[in-house]
Amino acid sequence: MDEKGLPEEKVLELLAEFQRRDMTYTSGRILGSMCTSSHPLARRVYCDFLESNLGDPGLFRGTRELESGVIGMLGELLSEPDAAGHIITGGTEANLMAMRAARNMAGAEKPEIIVPKSAHFSFRKAADILGLRLREAELDQDYRVDVESVRKLISGNTVAVVGVAGTTELGRIDPVEELSEICLDEDIHLHIDAAFGGFIIPFLRETGAELPEFDFKLQGVSSITVDPHKMGLAPIPSGCILFRDASYLDAMSIETPYLTEKQQSTIVGTRTGASAAATWAIMKHMGREGYRKLALRVMGVTRRLRDGLVELDYQLVVEPELNIVAFNHPTMGPHELADRLEELGWAVSVSSCPPAIRVVLMPHIMEEHIELLLRDLEGIRLREE
Ligand SMILES: Cc1ncc(COP(=O)(O)O)c(C=O)c1O
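Residues numbered from 1 in each chain as written. Predicted model: local features only at pLDDT ≥ 70, side-chain atom pairs only at ≥ 80, totals over all residues. Heavy atoms only, no water.

### Considerations on the domain arrangement of the chain
Right, so step 1: According to the domain assignment, the chain contains domain 1 (8–38 + 287–384) and domain 2 (40–284).
Right, so step 2: Using only C-alpha atoms to locate each centre, domain 1 and domain 2 end up separated by 27 Å.
Right, so step 3: With 31 residues of domain 1 at the interface, the matching set in domain 2 holds 37 residues.
Right, so step 4: Between domain 1 and domain 2 the total buried area reaches about 3,000 Å² when both faces are included, carbon and sulfur atoms providing 65% of it. (Domains from an automatic or database assignment. Contact = heavy atoms within 4.5 Å. Buried area = accessible area lost by both parts, 1.4 Å probe.)

Right, here's the structure in full:
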């Protein structure tokens, strides 16, 4: 740190230079992220609540009510109005909390968790942090978890089974109904990672899309991750962990003698109330109708990309169910194709299972961006011939 401070103007000038090097969502060039431009209202509210600390909620009672309000709205959306939970930093922290609750409640000597091969890498972090053995279940030919493989991995040490509603790479929805039955029979915690799908599947279902149930309506589901900072249009960071009831939070509760509340179940102590307030604001503003319209719009853009790729003879990995399209060039490998696209100014990501270019049609991607992308993909095809 310098001895003497700089004038505010100078600091802002320096920052602007750094910011110019960042990509922006509004350019439409970020194709592989599950984050997006947050809604202007949510951003404003975020700034207004910057000082509120939900780690000491007795001091910020209004913000605590906003957090409860978000939990209530999401619980209702996911079929359990009495669900308990918290607004936290994102899917990673939510999955970590779910695994912690499951481990503490089961009390197994050598705890294990079963996750699909398609599960997000946050479960590896959770396993490492919590001392859990991670067992990976196979996928079926549609890249959903193979229920028989899950069944075979269950042992006396299994403390949780994980299903994914909207996988990170392909947007697949695991057969949660079957997982729910197994977990009810075996009395095992079933956690659903709907970090991505939680803010789109329910709304697509409301428009009549034939997508499977994945939420608390299925009695075996004990907890759900859902991220408002993905398809919910909330500013980063905003994740949410929901439990069927408060006993799961109690199982993680630690005494906090010097604070206004004497128990805390979250992993972090001091935590931003701004996320809860901004998430509350955007959910109130959008309403179900707003999110339904958004879901339909992104699925329209998804279809345009899907159809354009088929016309250009690119190969789809699967028919998209959600707003993620994974595809391959007929002869060029995905990493080489990703490099070509990057040279043309596109930021794409490559999936691992199977290797493919993966485009997430987040709300910042408009039809006109997809037309430009398809033009570049056509150019790449023509140069091959
Ligand atoms: C299904 C799923 N779960 C969890 C996460 C982790 O979320 P975060 O990066 O917000 O911690 C992601 C991130 O993309 C995800 O797709």
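### What to know about helix H3 (residues 61–77)
Right, so step 1: Helix length check: H3, at 17 residues, gives a terminal C-alpha distance of 24 Å against a target of 24 Å (1.5 Å per residue), a fit within 8%.
Right, so step 2: Residues Thr63, Leu66, Glu67, Val70, Ile71, Leu74, Gly75 and Leu77 constitute the buried set of H3.
Right, so step 3: Looking at the buried positions of H3, the neighbouring elements they touch are strand E1 (84–88), helix H8 (201–206), strand E6 (221–226), strand E7 (239–243) and helix H10 (274–311). (Helix = DSSP H or I, 4+ residues; strand = E, 2+ residues; numbered from the N terminus. Expected span 1.5 Å × (residues − 1). Buried < 20%, exposed > 50% of the residue type's maximum accessible area, 1.4 Å probe, protein only.)

### A look at the site of the ligand
Right, so step 1: Around the ligand, a shell composed of 13 residues is seen, among which Thr92, Thr168, Asp193, His229 and Lys230 lie nearest.
Right, so step 2: The side chain of Asp193 places a nitrogen or oxygen atom 2.6 Å from a nitrogen atom of the ligand.
Right, so step 3: At a separation of 2.9 Å, an oxygen atom of the ligand approaches a polar side-chain atom of His229.
Right, so step 4: In terms of residue count, the dominant contributor to the shell around the ligand is helix H4 (residues 91–106) (three residues).
Right, so step 5: Considered class by class, the residues forming the shell around the ligand number two nonpolar, eight polar and three charged. (Near = heavy atom within 4 Å. Polar contact = N/O pair within 3.5 Å; in protein donor to acceptor, adjacent residues only side chain to side chain. Nonpolar A, V, L, I, M, F, W, Y, C, P; charged D, E, K, R; others polar.)

### Here we look at a nonpolar patch on the surface
Right, so step 1: Together, Leu6, Val11, Leu12, Leu14, Leu15 and Phe18 give the surface a local cluster of nonpolar side chains, amounting to about 530 Å² of exposed area.
Right, so step 2: Inspection of the secondary structure assignment puts Leu12 in helix H1 (residues 8–20). (Patch = residues over 30% accessible without salt bridge, like charges linked within 9 Å, V, L, I, M, F, W, Y side chains within 5 Å. Areas by Shrake-Rupley, 256 points an atom, 1.4 Å probe, with all protein chains shown as cover. Salt bridge = Lys/Arg side-chain N within 4 Å of Asp/Glu carboxyl O.)

### Side note on the sheet that holds strand E5 (residues 189–193)
Right, so step 1: Reading across the sheet, the seven strands line up as E1-E7-E6-E5-E4-E2-E3 and stay open at both edges, with mixed pairing between neighbours. Whereas interior strands pair on both sides, the edge strands pair on one side only; in this sheet they are E1 and strand E3 (133–137). This sheet shows a mean twist of 20° between the axes of neighbouring strands, independent of strand direction.
Right, so step 2: With four bridges connecting them, E5 and E6 associate as parallel partners. Note on E6: the bridge partner recorded for Leu190 is Val221.
Right, so step 3: Sitting on the sheet, H3 touches E1, E6 and E7, and the angle it makes with E1 is about 115°. (Pairing = 2+ DSSP bridges. Axes fitted to C-alpha atoms, helices over the stretch in contact; angles between N-to-C directions.)

### Points about the pattern of salt bridges
Right, so step 1: Evaluated as defined, the whole model comprises 21 salt bridges.
Right, so step 2: Linking Glu321 and Arg144 is a salt bridge whose minimum nitrogen-to-oxygen distance equals 2.9 Å. Placement of the pair is Glu321 in the loop between strand E10 (315–316) and strand E11 (324–328) and Arg144 in the loop between E3 and helix H6 (147–153), with a sequence separation of 177 residues.
Right, so step 3: Taking the shortest distance from any N to any O, the salt bridge between Lys293 and Glu289 comes out at 3.9 Å. You can see Lys293 and its partner Glu289 sitting in helix H10, four residues apart, about one turn around the helix.

### Here's the deal with the sheet that holds E11
Right, so step 1: The strand order across the open sheet formed by four strands is E10-E11-E13-E12, and the pairing between neighbours is antiparallel. Each edge of the open sheet carries a strand with a single partner, namely E10 and strand E12 (349–352).
Right, so step 2: Taken together, the two bridges between E10 and E11 define a ladder with antiparallel strand orientation. Bridge pairing in E11 links Gln315 to Asn328.
Right, so step 3: Packed on one face of the sheet, helix H11 (residues 334–343) meets E11, E12 and strand E13 (355–360) and runs near 40° to E13.

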